[in-house]
Each structure stands twice: as structure tokens, then as C-alpha cells.
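Residue strings, one per chain:
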Amino acid sequence: MEKVSTINLNLLTEKLYLEGVTNSLYENISNYGVGDIEASVLVESLMTEEKNKDMLRDLVNDLKLAPKLIFTFGSGITAFYGPIKELLDSGGLNISEENIILLILTSLCLLTGQPDIKKLVDKVKEEGLYSTLKGVNDFISETKNLLNSVIKNTLGVSHSLLDILGFTFLLVPTMGTLSKLINEYGLTIGNVKTLFTGLLLSVATYSVKAVINKVKNKFN
């Protein structure tokens, strides 16, 4: 019997694991909003979103930013908040909730070319968080690439980050999957890009037609 090398065995194990993660991600996206949500979970989610929007509103008012940022990025900030907080905590970074909101908003504005970016970057520097901003940027940028892989595999097209922030049925399940991986691997804001190395390819080549068709129907 031919021996299997440790390297090949590890690669096989990783491939099978990523396929499992990918299948779970697509299933969760396709089933998002189907069935009953526990009232306690729904209330907690709404309270978290409202709290984040209050902090975002305060930030926008303090820096005299365009009010439209609250409506453009409010839901997206809530979606990204959990995984990014976990990455920061895992790296031993004690950053306030308000400054996590600042980092996410600054990154989203950088990645989408918003005119108020200079005020935000100056505030990030003032808080001593400029080096941390790169990791937040990396995470949001790689997440956008991951979601575009799902979209392209499903519809054959790609979308901008602003478009993607409007797809709640994509964002919420994906953030849940990424949070699980962050906790399992103990990832930090400094090494977060390793999270996406194999996952992007696995997501792009997923081929279970029944599930893909269910995801495609979510866009209609």
C-alpha cells in the first residue's frame, strides 16, 4: 500500500475542511430568512444595530461628516463589527466600541472613495490607530472579494462594495462563518489575510446547482 505523506494528508484535510465550510456558507446564504427567528435573537440584533447607528451618528456629528454616511454604511458597519472586534480582541488590542466604529467607517470610506475620508483618517491618527486601520482594510477588502466570488459563481457578474453592503442575505451568514473561523484559528487583525487564502478558491468553484439556484433566487 502506497504511503501518504504528511504534507499531502494535511493538504487533503484542509481541502475537505474548506469544502465543508464553503458548503455551510452557501447553505446558510440560501436559507437566510427562511423559518422562524427566535424573538430574543431578533431583539438583540436590532438593539445592536441601533446602538451602532447611535455611535455612528455621534461620530458623523462630531467630525461634521456628510449625514448620508449613516444611511449608506449603517447596516454594513453592524455586519462587520462582530468579526472585526473579535480580530482586535484576539490580538490583545483593547479598542473602544466607538473607535471600532471609527475604524470600520474609515475603511469603508477609503474603499469606496468617499469625500470625507481626510477627516476620518486624521481622527484615526489622532486616536493612535493608523497601523490598525490596514488590518481592518484588509479584512473588509478580502470579505468583498469573497462575497464577489459567491456572486460571480451564482450570477456570473461582480458587484461594487456599495452594492454588496445592501445584500443583507449575503453579509449576515458570511460574517457568521468568518467569526467562527476567526475563533477557531485564533486569528488577529495582523494575520487576517491568511483566513481567505484557500477559502476564495473553494467558494469560487462550488458547484452544487440546487443550492446555487436558491442563492440566485435571493437576488430577484
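Residues numbered from 1 in each chain as written. Predicted model: local features only at pLDDT ≥ 70, side-chain atom pairs only at ≥ 80, totals over all residues. Heavy atoms only, no water.

## Observations regarding helix α8 (residues 168–185)
Right, so step 1: Its 18 residues give α8 an end-to-end C-alpha distance of 26 Å, which sits within 8% of 26 Å, the value for a rise of 1.5 Å per residue.
Right, so step 2: For α8, the complete set of buried residues consists of Phe169, Leu170, Leu171, Pro173, Thr174, Met175, Thr177, Leu178, Ser179, Leu181 and Ile182.
Right, so step 3: Phi for Gly186, located one or two positions after α8, is positive at around 60°. (Helix = DSSP H or I, 4+ residues; strand = E, 2+ residues; numbered from the N terminus. Expected span 1.5 Å × (residues − 1). Buried < 20%, exposed > 50% of the residue type's maximum accessible area, 1.4 Å probe, protein only.)

## Brief notes about the confidence of the model for the chain
Right, so step 1: Residues with a pLDDT of 70 or more make up 88% of the chain, whose mean pLDDT is 86.
Right, so step 2: Taken together, the stretch residues 1–9 has pLDDT below 50 and engages in one contact with residues farther than four places along the chain or on a different chain.
Right, so step 3: Low confidence marks residues 38–43, where pLDDT is under 50. Its contacts with residues over four positions away, or in another chain, come to one contact. (pLDDT = per-residue confidence, 0-100. Contact = heavy atoms within 4.5 Å.)

## Observations concerning the pattern of salt bridges
Right, so step 1: Within the structure shown, the criterion is met by seven salt bridges.
Right, so step 2: With a closest N to O distance of 3.0 Å, Asp138 and Lys134 form a salt bridge. Of this pair, Asp138 and Lys134 are both found in helix α6 (residues 130–155), four residues apart, which corresponds to roughly one turn of the helix.
Right, so step 3: Taking relative accessible area as the criterion, Lys134 reaches 54% and is therefore assigned exposed.
Right, so step 4: Ionic contacts of the salt-bridge type, sharing partners, join the residues Lys123, Glu126 and Glu127 into one network. (Salt bridge = Lys/Arg side-chain N within 4 Å of Asp/Glu carboxyl O.)

## So, the packing of aromatic side chains
Right, so step 1: Scanning the model with the defined rule gives seven aromatic pairs in all.
Right, so step 2: Of the aromatic side chains, those joined through ring pairs into one cluster are Phe80, Phe139 and Phe196.
Right, so step 3: Looking at Lys125, its charged tip hangs above the ring of Tyr130, at a distance of 5.1 Å from the centre. (Phe/Tyr/Trp six-rings, centres within 6.5 Å; stacked < 30°, edge-to-face > 60°. Lys NZ or Arg CZ within 6 Å of the ring centre and 35° of its normal.)

## Comments concerning the packing of helix α4 (residues 97–112) against helix α5 (residues 117–126)
Right, so step 1: Two elements in contact, α4 and α5, have axes whose closest approach is 10 Å; the angle formed by their N-to-C orientations is 145°. The two elements α4 and α5 cross, and the hand of that crossing is left-handed. Side by side, α4 and α5 meet where Leu102, Leu103, Leu105, Thr106, Cys109 and Leu110 of the first sit next to Ile117, Leu120, Val121, Lys123 and Val124 of the second. (Axes fitted to C-alpha atoms, helices over the stretch in contact; angles between N-to-C directions. Left-handed = near helix turned anticlockwise from the far one by under 90°.)

## Focus on unusual backbone geometry
Right, so step 1: Despite not being glycine, Lys64 has its phi angle at roughly 55°, a positive value.
Right, so step 2: With respect to the helices, strands and loops of the structure, Lys64 is situated in the loop between α2 (39–62) and α3 (68–90).
Right, so step 3: Classification of Lys64 by relative accessible area gives exposed; the value is 65%.

## Considering α5
Right, so step 1: For α5, every residue scored as buried is listed here: Ile117, Leu120, Val121 and Val124. Relative to the axis of α5, the buried residues are bounded by an arc of 95° and lie together on one face. Exposed residues pointing more than 90 degrees away from the buried face of α5 are listed as Lys118 and Glu126. (Arc of directions from axis to C-beta.)

## Focus on the packing of α6 against helix α10 (residues 209–218)
Right, so step 1: Across the interface, α6 lies against α10 with an axial gap of 9 Å and an inter-helix angle of 105°. Overall, the two elements α6 and α10 adopt an arrangement that is roughly perpendicular. Note on element contacts: α10 touches α6 through Ile212, Val215 and Lys216, opposite Asn153, Thr154 and Leu155.
Right, so step 2: Broken down by class, the residue content of the contact of α6 with α10 amounts to three nonpolar, two polar and one charged. (Parallel < 35°, antiparallel > 145°, perpendicular 65-115°, else oblique. Nonpolar A, V, L, I, M, F, W, Y, C, P; charged D, E, K, R; others polar.)

## Some words on the environment of Thr112
Right, so step 1: Structurally, the position occupied by Thr112 is in helix α4.
Right, so step 2: Between the alpha carbons of Thr112 and Leu162 there is a distance of 7.1 Å; along the sequence they are 50 residues apart.
Right, so step 3: Apart from the residues within four sequence positions on either side, Thr112 is in contact with Phe73, Leu161 and Leu162.
Right, so step 4: Engagement of the side chain of Thr112 in a polar contact is seen with the side chain of Gln114, the distance being 3.2 Å. (Polar contact = N/O pair within 3.5 Å; in protein donor to acceptor, adjacent residues only side chain to side chain.)

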